Every structure is written in structure tokens, then in C-alpha cells.
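Overview (structure and organization)
The lines below spell out each chain.
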Amino acid sequence: MTAIPPTTHARGEGWFLTGSLALYFVLAALLAASQMDRLNPDGVAYLRQAGYWAEGVWSGAVSLYWSPLFPLTMAPLRWAGVDGLVAARLALALHGAFLLWATSRLLRTWSPAPPSIHGLLLLALAPAAASLQMFVVAPDVLVAAVLIWSFAMLPAAARADTPRNAFWVGAIAGLAVWAKAYALPFGLLHLPASIWWLRRSAGARSGPWVLSAVAGLLLAVLPLWCLLGWKNGGPTIGKSGPINHAVVGPSDKVRFHPVVWGVPSPPYVSVWEAPDRLPYQFWSPFSSETYFRHQLNVVARNTYGIGRALLRLDFGGLGLSALLALAVVAGRGPRWAAAIPRSAALWLTGTWLLYAGGYLPVAFEPRYLNALALPLILLAVAWWTQVLPRRWALVMPAVLGLSLLLRWGPLLLRDYQSLPADYFRGIVGELQKAGLRGPFAATSWYHGIALAYHTGEVHAGFPPEAEVDAVAERLRAAKVNWIVVFDYPVQPPLPVQDLYPPTRPRAIALVTQEGWKVRVDLRVRPDPASPLEVRVLAFERPGEAQ
């Protein structure tokens, strides 16, 4: 096999990997200490899942929307009694380290550049990995790390005389499906195409290697299929894809996540733990010409968003430039770029286009792509260094490293200094002392599900009806006897909450009209450096006090 020549820099690169990991853990620890209590809505669902796995509550642990690998990495810590948010930060820190290790292997197996270049690129990745991983409780870095690991094993599997290694590459790609369902369609397309292309480029037959890789992927996914089929009552690989398509639908109906109101069934404390049970407005772009045009608009909008996300991965857009230039080389490389293997350039270009392309028709956020894009950009830069004269070879990774630092350094500092969330535990303590019990309503959806996580009480959200009498009837039917009002001096533009008539005025009108009793009246300052206070009020239905 000559398509991708073997590389042997493991010994020299070990020191650079150690240095990058040391830098990463320092930054991750600082950010984790600052943001320990910060909890995003998805994080509530994943932390609750981790608890279900730890306690053996299988009905809650197996989800048709939330993939299990991320909560499974937290479950041993939860079983050992570690606080959920501490367990989340420890798991996230390990995922970021995993990404650095996998990137080191990717560079070593795909690029002939010397250890010094790979080391500079790994050091450049460390601040970005810390910023990507420690702020939001989500599995995006984990799935990227598993996929990068599988990419790193591809050259050896394609060169091997037997298809055994291809099977293990497929098994690792299957593990990525446990982290995120999106990895299944991507893996089923990318893995056989990669094996076929690399062996074809070397003039070798590929059939048994492709079949072995696909078999490894499917066998790794089979237990997950069985779990989801048991939960669903029939074959399925999950329902996240249709839901993420539903929420970008035409505006003739309310297409957003219908999570504002609803009482979940046990063992859940929020309807957001089981989005697959919610009444989404699904749609097909082929049902009408209007819907088809809307789908094209979504694709155009996401194309712009993906390009913008790539451009913002570093300060000067150098990573995007490296990828675009590599795409040109992959198509018809000039003579001076002969040091970059055409088979490798086409593989990297195709990999990125395929992974990003799958997000074009559905809901997209930059965090879905950032953790996978950065290692691929580093690989592209490592190849470009082979084109430069030797005395300039270190300039490109150094400039990229500076550009990454200028981009991610300020983000790290911003996140480290951003509003602390520890004040929320004080709110929780006061509400628990007052006897809060669910199902309860809350005027802030975000804070409501965080409150449900900390207290274990069921959060019902707040009814979307504009009329106070209709709201009262919905609350009474759901047996909601507590309402928590978050009164901000300046109402933040929270998604979901602002899609319906403002909640706070309706809540105040309702408790005044029905004579609900004030049980908590608390003022907190989320930002110690700001004089602005948030007033938190908890009301109990009259006649319900114990």
C-alpha cells in the first residue's frame, strides 16, 4: 500500500502530547472551577440519564432522543456518590483529553510532518479544546474524539494484508453512534467509502475490507438498536433526526420545541427528558412547492452558518483557507503541491463535506462541528508544511497556533469571568425550606428545569394561553400548587420562553386573582460585580399549605 505512507513519530510526539495535555488540564480545571454550577437544558437531560444508569432505572436510562454514551461516562461517578455537576465536569475534562490524544494519533498516522510540527499543532488545540468542552454539558467533543480515533486507524487498516483491522475501525465508528445518532448515517457512508478509496488509490482490491468495516460498525451498534427497539416497541435507531428537522419547518405552524408546558410521566422531572413524546409538527419538503422552497432556504442558511463557523474557528480564517486550498489540490493539484498525497487530500475534503453536509437540512449549531473540524484543519496544515521550504516549515503551525490563541483565548477568559451560577443553589435551598413540591410551574423554562434537577421535583413549565383564566384551568387540571416567578430587571432573551405571551405578568395576575400565598421572596445578584438583582418569588395555592 502506497496511498498513505506509514509514519513513525510516536516517541518524539509523546512529549508534545504530554505538554498539550498538561496545558489543557490546567485550562480545563480553571474553567470547571468557575463554571461548576452552570447547567444548560440538555445537560439536565444527560445528568438525569446518568443517574438512571447508576441507579438501574432502565425506563429512564434508555432514551429515544438522548444518546447514551455521554451519560454512561458519568454514571460510575454518580454511582459512587459524586455530585452530578462535578461528575459532568470530570467527564467533560476527560473527553477533551481524549480529543487531544485522538488528534495526536490522527496527525501521526496521516501526516509525515516531523514531531515538532505535530507538537505545535497539538499545543494550539489545547485552549480550544478546553473552551469547547468545559462550558456546555453536551457530547459534541466526545463524538468528535471517537470519530477522530477511527480516522486515525484508517491508514493502517487500508494497508493491512487482512481485513481484521478494518473490522476494528468499524467497531470504533459504531461506538460514535452511542455518543450521537448522527454518526450512524455518516459512518455508513464515510467508512466504506474511505476504505474503498484508500485501497483503490493503492491499486488493491477492497471488497473484503469494506465488508469487514461495515460489519464491525453494525455489530457495535446492534446492542443500542436492541435497547432502543425495546424502548420504542419496534425497530428504531432514535428520533433525534426527525425532531431536528421538525423545528426548522415553515412558519405556518408552531415548529419550535413544544416544551413550554407539560407534566412528564415518571421517572422524569421535565418533558425535556423525553422529547420523542412531545407533539412536534413534522413536515416533508416534498409535500408542496412552498415547503420545498423553504427546505432550500434552510439549506442555504445552514451553508452560510457552516461556512461562518469554519471561518470563526481561528482569528484569521487560516483554517478555512487551508481546507479550501486543500480542496483545490484534491481536484487538480499543481506540481509544487506534489508533497500532499492526492488520495489523502480527497479523503479529507470528502470527510469534511460529508459530515457538514448532513446538517444542511436540519437544525444546526456551530458546536456540532467545531470539535471535529479543528483536528481536520490541523491535519490540513500539517500537510501544507510539507510544501514549504524546510526553514519555513514551522512558520505555518506557529501562525495558526497564534490565530487559534487569539480566537479561543478571549473566549476562555470570557467564560472564566462570566456570570457565576452558584447563586442558584441558594435559591434551591430557600425553596426546599419553604416546602416546594411538584409538579410546579415556573416563569423561566431554563431555570425551571434546572430547579427540577436540583430538587428532584417535577417541572411543568408554564401554560402558553394568553388568558389568565385559561392558565388557571390548566394549572388546576395538572395539580400544580406552586408557581416560581423569576423577575428580572431586564428580561433576558431566552429561547422558548419568549415564543409565547410573557409569562411573568400572567403569573402575577393569576396569583393575585386567586390569592396564592407568598412562601419565598428572595433577591439575588447573579453577577457580584453588578448592582442588578433578580427577585425570586414562590407562591403556593391557597389551602395547600402543610
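The structure this text deals with has already been given above.
In this report, the structure presented in the accompanying data block is examined.

Rules of the game
- Residues numbered from 1 in each chain as written.
- Predicted model: local features only at pLDDT ≥ 70, side-chain atom pairs only at ≥ 80, totals over all residues.
- Heavy atoms only, no water.
- Pairing = 2+ DSSP bridges.
- Helix = DSSP H or I, 4+ residues; strand = E, 2+ residues; numbered from the N terminus.
- Axes fitted to C-alpha atoms, helices over the stretch in contact; angles between N-to-C directions.
- Contact = heavy atoms within 4.5 Å.
- Phe/Tyr/Trp six-rings, centres within 6.5 Å; stacked < 30°, edge-to-face > 60°.
- Buried < 20%, exposed > 50% of the residue type's maximum accessible area, 1.4 Å probe, protein only.
- Lys NZ or Arg CZ within 6 Å of the ring centre and 35° of its normal.
- Salt bridge = Lys/Arg side-chain N within 4 Å of Asp/Glu carboxyl O.
- Parallel < 35°, antiparallel > 145°, perpendicular 65-115°, else oblique.
- Left-handed = near helix turned anticlockwise from the far one by under 90°.
- Nonpolar A, V, L, I, M, F, W, Y, C, P; charged D, E, K, R; others polar.
- Core = buried A, V, L, I, M, F, W, Y, C linked by side-chain atoms within 4.5 Å.

So, on to the sheet that holds strand S1 (residues 440-442). Read from one edge to the other, the open sheet built from five strands follows the order S2-S1-S3-S5-S4, with strand pairing classed as mixed. Edge positions in the sheet fall to strand S2 (459-461) and strand S4 (517-524), since each has one partner strand and no second. Strand-to-strand twist across the sheet, computed as the mean angle between neighbouring axes with direction ignored, equals 20°. Relative to S2, S1 runs parallel, the two sharing two bridges. When the sheet's bridge partners are listed, alanine 441 is paired in S2 with glycine 461. Strand contacts of helix H20 (residues 503-514): strand S3 (482-487) and strand S5 (534-540), with the helix running at about 135° to S3, the strand carrying the most contacts.

Tallying each qualifying case throughout the model produces 29 aromatic pairs. Summarising the aromatic geometry, the rings of tyrosine 182 and tyrosine 355 are spaced 5.2 Å apart at their centres and angled 85° between planes, so their arrangement reads as edge-to-face. Placement of tyrosine 182 in the loop between helix H8 (164-179) and helix H9 (183-201) and of tyrosine 355 in helix H14 (residues 342-357) is noted, with a sequence separation of 173 residues between them. Here tyrosine 182 falls in the buried class, since its relative accessible area comes to 16%. Chaining the aromatic ring pairs together yields one cluster made of Trp110, Phe151, Tyr182, Phe186, Trp347, Tyr355, Tyr359, Phe364, Tyr368 and Trp383. Lying across the ring of tyrosine 368, lysine 180 places its NZ or CZ 4.1 Å from the centre. A cation over a ring is seen here: arginine 199 above tryptophan 209, with NZ or CZ 3.6 Å from the ring centre.

In the structure shown here, the tally under the stated rule is 19 salt bridges. A salt bridge links arginine 535 to aspartate 521, with the nearest nitrogen and oxygen atoms 2.7 Å apart. A residue pair is termed long-range when its members are at least 10 positions apart, and arginine 535 in strand S5 and aspartate 521 in strand S4 qualify at 14 residues. The exposure class of arginine 535 is partly exposed, given its relative accessible area of 26%. By relative accessible area, which is 45% here, aspartate 521 ends up partly exposed. Here the residues in one salt-bridge network are Asp42, Asp140, Lys180, Glu365 and Arg367, joined through shared partners.

Our next topic: the packing of helix H6 (residues 115-134) against helix H15 (residues 367-384). Packing of H6 against H15 brings their axes to within 11 Å, and their N-to-C directions diverge by 165°. It follows from the interaxial angle that H6 and H15 lie roughly antiparallel. Classified by chirality, the crossing of H15 by H6 is right-handed. Taking contact as the criterion, the partners of His118, Leu121, Leu125, Ala128 and Leu132 in H6 are, on H15, Asn370, Ala371, Leu374, Leu378, Val381 and Ala382. The residue inventory of the contact of H6 with H15, partitioned by class, reads nine nonpolar, two polar and no charged.

The next thing to look at is the nonpolar core. Counting 144 residues, the largest nonpolar core has Tyr24, Trp110, Phe151, Leu154, Ile195, Tyr355 and Leu369 as its most contacted members. Per-element tally for this core: the top contributor is H15, with 15 residues. Contact partners of phenylalanine 151, with chain neighbours within four places excluded, come to Leu106, Trp110, Phe186, His190, Trp347, Thr351, Leu372 and Leu376. In this structure, Leu436, Phe440, Val484 and Val524 belong to the second largest nonpolar core, which totals 21 residues.

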